[in-house]
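Summary of the model geometry
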Amino acid sequence: MSDKYQPSQFEKKWIKKWEKDKTYHTYDIKGKEKMYVLDMFPYPSGAGLHVGHPRGYTATDILSRYYRMNNYSVLHPMGWDAFGLPAENAAVKAKKNPIDIVPLNIANFKRQMQMLGFSYDWSREFSTTDPAYYKWTQWLFIQFFKMGLLYKKNTPINYCPKCKTGLAEEEVLANGTHERCGNVIEKKDLSQWLFRITAYADRLLKDLDGLQWPKGILEMQRNWIGRKEGININYRVLSQDDSLKILSRLNSSRLARLKQKVVQNFSSSSYQTIDKITCFTTRPDTNFGATFIVIAPEHGFVEKILNPKSQILNKFEISKSKREEIKKYVDQAKSKSQIERETEGRKKTGVFTGFYAINNLNGRLLPIWISDFVLMGFGTGAVVGVPGHDRRDFEFAKEYKIPVIRVVVGADKDNSEITKKEQVQEDEGIMINSQFLDGMDIHKATIKIMDYLEEKGWGKRKVTYHLRNWIFSRQRYWGEPIPMVYCQNCAINKRNYWNVKTGKEIKKNIEYGILNLESIPNSKFQILNSDLYGWFPLSEDKLPLELPYVKSYEPGESGESPLANIDSFVKTTCPNCGGPAKRETDTMPNWAGSCWYFIRFAQNQKSKIKDQSKESTSIENWKLEIENSAKNWLPVDWYFGGAEHAVLHLLYSRFWVKALQDLKLLDFSEPFLRLRNVGMVLAEDNHKMSKSLGNVINPDEVVKEYGADTMRMYEMFMAPFSQEIAWSTKTLQGVHRFLIRVWNIFQEFRIQNLEFRINKNTEDKKLINKLNQTITKVSQDITAVKYNTAIAMMMEFLNEWEKTCNMKHETCNIKNKNMSLRGSDPAKRGSDEAIPLTTDNAKKFLKILAPFAPFITEEIWRDVFNEKQSIHLSTWPKVEEIEMGDVEITIPVQVNGKLRGTVKIQNSEFRIQNLVVEKALKDENITKYLEGKKYRVIYVSGKILNIVLTGNI
RNA sequence: GUCGGGGUGGCGAAAUGGCAGACGCACUAGCUUGAGGGGCUAGUUCUCGCAAGAGAGUGCAGGUUCGACUCCUGUCCCCGACACCA
């Protein structure tokens, strides 16, 4: 064995040995505590791992190794998220079928992960693209369908013209582009499968409270779900006659207008109502200040007034020119993309419909406007305008000269007229001009007015969400085929899954308890949705529905998936009537596979299910898997990955788990207990790494030059774990030097005589104390995911070890590898004084280093210490109380809080305050500040002495 | 605009009420080496000083405390997410 640290000489050897010995195999729990440590599995791109990947993977590897050494049963698996747009787009570019490319990429990823020494149990590896896996994904889809959680709807959806597929709301960025390709999203009408994730909005929100996740991610999920409590208020749209009547009365009373008073003697029955507009508001307390109503261009009322045949126009004449004006505005607004609306700024535009509604509270006439600042997708698509207390409403009112009324006075007591945007009062305050609300604070008033409106039947409390139902169809080839069949004959006869009484299926549903939809909060599943006529799930024994291997799989222009062109795939028979039928040709989004892979890892026991492709998808088999294994491991204890999944994968998989819990297919409600985000690794030039900038660092090259341990330790040492950080080859070299020094100092144990190695009497007490501190610190830091400081502490220890070594034995200049002990005098070399640490204690240091640097520690463990079993299966060292003896400790001394000196005192005496003070007063540098002054003394035992001057004597 | 994270040497950073700058990088000087590289020793927050030492110092302004990077109030700036959400 060479003197020098040359990782390339032994790293490959240990990779093979660990694999052969199944060192990292997951064993049954057997009375131990379990620990499920998981990485967000990657999609295996053709480029291989970039240096960002190992940052997260090393962190989970350290945790896994730490828990193993602390006698936990650890599940630490890895797999491949290989379906979906990224893989498919890459394959399209390479002009190869993804089915052929993906396995090559996987092999490369796996090689690199093994190269880095990650302790995954590879026996549990799978890819989401394995039919043996996705048949279960399809099976789950069917269960969700049966419980009424999926529906089909022809709806305008976000469509990426470049990727030629529909997308979920979550996949569209704020600027209206596709999160994967950056292309601008269009709206397109497509018939889509949708998940009723909104039925779970409240639970998805509430359960966030119990999770140990980064605050930011929790907030992002809360915002995305966007729960708002408010009230839907119904406004009566008045007939033309009544509108004019009130208007003229108002005009005749200048005083009334000026004082913002309203018509008297109105009553709910005295006017003719021709329609109703419902507005959602979270601030009903301000409703006495409402002066207009705005509806979205897509609102149903717009349709009514533009249609010449509409009944409503019998009671309200609207001129042709007015109608054209309205139509022009609406058409313009609808054609504007999100980006266009953005770039135009927030300038308010709109058009008056000519219609008025009445505010039941005070009889005020509210002109009804149309504006694109009101979104059809939120609330009711209609807003009641309170310009005094909402900035957007104010901007709109200013633009169209609509009156502004103040109904809240803020803390500044300012009750002046609101004429500028800065005066708009959105904060806390006291009600005025609001009749029976006057004098209340806004919160009290909100409750009071809601009660009142409900009592009168004018409104109803309502909770709305930002969260939309999840569009689950993709018009692409590379995804799980959706296991649904459409039968036109059955559709014509209005047959669907639920109203066909085949007995057998219904019985199963009862068994699941899933037809009892009342048990699911907020669910208003419309199972008999007419869009579902003719749709039937595949019989479970027909799974997997395999993705056919085809030559041409490029997405088409038709808005259909390439599968639609394959007759042999499309044509099938109806599971209900047996007649000719068509398969669904859309596929699932790439999120489908990652929604439940962590469950599969926990189920996946190849010893029990020898040939997984033969395992049939049935509820019995699912439950067997859960009982046999998965329930012991789940949920995931530690989950590591990038923050970019905050509202995508992390929300979707939480949703699936809750649905599975309702199906009684799982018995927990949250998949990931602890979540940690890994910070991005930037290039050395502080830019994102990219091929075009030529600044990409390749892990293969780093490992080749410095070894895997250096790479691992550097990535943990570079910065706090969740922080974004630029690559630094210099810092990497610093870490490499540390490992060289570790190597060198342990070489000494190779040549010492055994008797010296175990001679406790020669040990250095201070060094042992430092070792104990290091063990404690490293143990704490690992579970706190503070690897940078854990490594710093180990470096500190090594520094002290070397120093002690050199002090004890002048010829033993251990840091200097060119001057190794081998060259020094053999007689001195073996002397007691040269050994500040026994073998046992040296091994402790090696053990705490092992999770960080598995190769070098294994090599030393086996080769220097001749151990027969892997260091990674050894036991984590315990801190042993040592007799320190009466050593000297140092106590800092402050005068008036400023450090002026220190006193040294024996360990046995530091508790005696008088003694410490006495010693301090012998220091001239301290007493010179005290001369002629009165003072008092604050002594924190063993920590600090502060002498506080209180005045002159 | 809202929410979240952050602001400490030349750089990455430590320290969560008790000696600010651990650890690493970079830098300086000396030693070692045929050279390059590497290694070793010492130093390295800033200002003044040969030094001993003194003063200042954790974005800014206040406050609490014997003592504040740490807690409180206000304010500025940077990063990230969301954003015409009624």
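Residues numbered from 1 in each chain as written. Chains lettered and ligands numbered in written order. Predicted model: local features only at pLDDT ≥ 70, side-chain atom pairs only at ≥ 80, totals over all residues. Heavy atoms only, no water.

1. Here's the deal with the environment of Ala726
- Positionally, Ala726 belongs in strand 23 (residues 725-726).
- In the structure, Ala726 is positioned 377 residues away from Thr349 in sequence and 46 Å away in space, judged by C-alpha atoms.
- Setting aside chain neighbours within four positions, we find Ala726 in contact with Leu682, Ala683, Asn686, Tyr714 and Met718. (Helix = DSSP H or I, 4+ residues; strand = E, 2+ residues; numbered from the N terminus. Contact = heavy atoms within 4.5 Å.)

2. Digging into the packing of aromatic side chains
- Enumeration over the complete set of coordinates arrives at 71 aromatic pairs.
- When the ring of Tyr67 is compared with that of Tyr72, the centres are 4.8 Å apart and the planes differ by 75°; the resulting orientation is edge-to-face.
- You can call Tyr72 partly exposed: its relative accessible area is 21%.
- Ring centres of Trp638 and Phe640 lie 6.1 Å apart, and the angle between their planes is 45°; this geometry places the pair in the tilted category.
- Classification of Phe640 as buried rests on a relative accessible area of 2%.
- A cation over an aromatic ring shows up here: Arg583 above the ring of Phe569, its NZ or CZ 5.7 Å from the ring centre. (Phe/Tyr/Trp six-rings, centres within 6.5 Å; stacked < 30°, edge-to-face > 60°. Buried < 20%, exposed > 50% of the residue type's maximum accessible area, 1.4 Å probe, protein only. Lys NZ or Arg CZ within 6 Å of the ring centre and 35° of its normal.)

3. Considering empty space enclosed by the protein
- The full count for this structure, using the stated rule, is three cavities of 30 Å³ or more.
- The space that makes up the second largest cavity amounts to roughly 60 Å³.
- Counted by class, the lining of the second largest cavity contains four nonpolar, three polar and three charged residues. (1 Å grid on protein atoms, 1.4 Å probe; cavity = no way out; pocket = protein on both sides within 12 Å on 5 of 7 lines; lining within 4 Å. Points joined across faces, edges and corners; volume = space filled by probe spheres on them. Nonpolar A, V, L, I, M, F, W, Y, C, P; charged D, E, K, R; others polar.)

4. Points about the UniProt feature "domain: Aminoacyl-tRNA synthetase class Ia" (unreviewed entry) in chain A
- Here the UniProt feature "domain: Aminoacyl-tRNA synthetase class Ia" (unreviewed entry) sits at residues 13-217 and 653-728.
- Structurally, residues 653-728 comprises 37% helix and 13% strand, and the distance from its first C-alpha atom to its last is 36 Å. (UniProt positions renumbered as here; feature names shortened; annotations may be inferred.)

5. Quick notes on the packing of helix 5 (residues 131-146) against helix 20 (residues 619-633)
- In contact at an axis separation of 12 Å, helix 5 and helix 20 are set at 115° when each is read in the N-to-C sense. Between helix 5 and helix 20, the angle is such that the two are roughly perpendicular. Classified by chirality, the crossing of helix 20 by helix 5 is left-handed. Where helix 5 abuts helix 20, its residues Trp136, Trp139 and Leu140 lie against Ile619, Asn621 and Trp622.
- Considering only residue class, the contact of helix 5 with helix 20 consists of five nonpolar, one polar and no charged. (Axes fitted to C-alpha atoms, helices over the stretch in contact; angles between N-to-C directions. Parallel < 35°, antiparallel > 145°, perpendicular 65-115°, else oblique. Left-handed = near helix turned anticlockwise from the far one by under 90°.)

6. Quick notes on the pairing of strand 6 (residues 228-238)
- Taking burial as the measure, the 11 residues of strand 6 include eight buried ones, the bulk of the element.
- Summarising the sheet, strand 6 and strand 14 (residues 459-464) pair through six bridges and their orientation is antiparallel. Looking at strand 14, one finds that Asn232 is bridged to Lys460.
- Here eight bridges tie strand 6 to strand 7 (residues 273-281), and the two strands are oriented antiparallel to one another. Bridged to Val237 within strand 7 is Asp275. (Pairing = 2+ DSSP bridges.)

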